[in-house]
Amino acid sequence: EAQVTQNPRYLITVTGKKLTVTCSQNMNHEYMSWYRQDPGLGLRQIYYSMNVEVTDKGDVPEGYKVSRKEKRNFPLILESPSPNQTSLYFCASSLGGRTIAVGKLFFGSGTQLSVL
Amino acid sequence: AQSVTQPDIHITVSEGASLELRCNYSYGATPYLFWYVQSPGQGLQLLLKYFSGDTLVQGIKGFEAEFKRSQSSFNLRKPSVHWSDAAEYFCAVGALGGKLIFGQGTELSVKP
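The following refers to the structure shown.

So, the interface of chain B and chain A
Each partner contributes to the interface: chain B provides 22 residues, whereas chain A provides 24 residues. Summed over both sides, the interface of chain B with chain A buries roughly 1,900 Å², with 58% coming from carbon and sulfur. Looking only at chain B, the three residues that lose the most surface to chain A are G98, K99 and F102 of chain B, adding up to 25% of its buried area. The tally of links between chain B and chain A comes to 3 residue pairs in polar contact (both at pLDDT 80 or more). Listing elements by their share of the side of chain B that touches chain A, those giving two or more residues are β5 (32–38), β6 (44–50), β10 (87–95) and β11 (99–102) of chain B. A breakdown of the residues in the side of chain B that touches chain A according to their chemical character gives 10 nonpolar, 9 polar and 3 charged.

Section: unusual backbone geometry
Following N7 of chain A, the chain continues to P8 of chain A via a peptide bond in cis, the omega torsion being -5 degrees. Assignment of secondary structure puts P8 of chain A in the loop between β1 (4–7) and β2 (10–13). You will see that E53 of chain A, though not glycine, has its phi angle at about 65 degrees, which is positive. Mapped onto the elements, E53 of chain A comes out in the loop between β5 (42–51) and β6 (54–57). Judged by relative accessible area, which is 61%, E53 of chain A ranks as exposed. In this structure, S72 of chain B takes a positive phi of about 50 degrees despite not being glycine.

Points about the pairing of β1 of chain A
Residues and elements named next belong to chain A. Only one face of β1 is buried: it carries V4 and Q6, and the other face, with T5 and N7, is open. Bridge count between β1 and strand β3 (residues 19–25): 4 bridges; the pairing is antiparallel. Across the sheet, the residue bridging to T5 is S24, located in β3.

Brief notes about the pattern of salt bridges
Residues and elements named next belong to chain A. Considering all chains together, one arrives at 7 salt bridges over all chains under this definition. Across the salt bridge formed by E79 and K65, the nearest N and O atoms sit 3.0 Å from each other. Taken together, the residues E79 in the loop between β8 (76–78) and β9 (87–94) and K65 in strand β7 (residues 65–66) connect sequence positions 14 residues apart. Note on E79: relative accessible area 37%, which makes it partly exposed.

Digging into the state of the cysteines
Counted by the stated rule, this structure contains 2 disulfides over all chains. The disulfide bridge from C23 of chain A ends at C91 of chain A, spanning 1.8 Å between sulfur atoms. Note on the C23 of chain A and C91 of chain A pair: the S-S dihedral is about -75 degrees, so by sign convention the disulfide is left-handed. Within this pair, whereas C23 of chain A is found in strand β3, its partner C91 of chain A is found in strand β9, the two being separated by 68 residues in sequence. For the pair formed by C23 of chain A and C91 of chain A, the shared burial category is buried. Disulfide pairing is shown between C23 of chain B and C91 of chain B; the S-S distance is 2.0 Å. Measuring the twist about the S-S bond at about -65 degrees, one finds the C23 of chain B-C91 of chain B disulfide to be left-handed. Here C23 of chain B is found in the loop between β3 (19–21) and β4 (24–26), whereas its partner C91 of chain B is found in strand β10, with 68 residues between them in sequence.

Procedures and definitions
- Residues numbered from 1 in each chain as written.
- Chains lettered and ligands numbered in written order.
- Predicted model: local features only at pLDDT ≥ 70, side-chain atom pairs only at ≥ 80, totals over all residues.
- Heavy atoms only, no water.
- Contact = heavy atoms within 4.5 Å.
- Buried area = accessible area lost by both parts, 1.4 Å probe.
- Polar contact = N/O pair within 3.5 Å; in protein donor to acceptor, adjacent residues only side chain to side chain.
- Helix = DSSP H or I, 4+ residues; strand = E, 2+ residues; numbered from the N terminus.
- Nonpolar A, V, L, I, M, F, W, Y, C, P; charged D, E, K, R; others polar.
- Buried < 20%, exposed > 50% of the residue type's maximum accessible area, 1.4 Å probe, protein only.
- Pairing = 2+ DSSP bridges.
- Salt bridge = Lys/Arg side-chain N within 4 Å of Asp/Glu carboxyl O.
- Disulfide = S-S within 2.5 Å.

Take a look at the structure:
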């Protein structure tokens, strides 16, 4: 089954404790992206990757890191989480290439992160 | 700068009634426009997209949207709403370089 898998689904942590949220897709997609969803703000793009070893900042990259060493995986790293990073996070992927293909995103089920 | 505005935060309609969700965008070039739906506890699912051609596009689940360049709008419509349509709906515009900009979302409630 074609899917984007995020783990964990729920995560509670404390300020300053490094964490990684994993994301994997099995569709051989070139494009992957991370979003955070906050009430009243919709989805905001954190980072995206057009292909292996190619990553770019989205609208809210501060406090986050990503890497794209393999096509299927795109982990999101919070080196020193803070309470303002409490949010619902989504990983997504698409074929990539032209913008229209980028827009046909497949989403994971989300990771609810709470930073105390 | 590119932006997307969904003026209605929350809409309630009766089951069987028609629905229109508003979306206005700001983008300098020809926009690529999308509507996504998010059911509770789920990720987003693509409903429909527009990038050229016929300005009335059909999507899944009986939804359609009309692109109006003069009004910078891409409103989502459905002739008869079902209780299962209750969800949050997001409009998005595709920008250069792989960015996809989402609106704030409109939450739809359906009354029996």
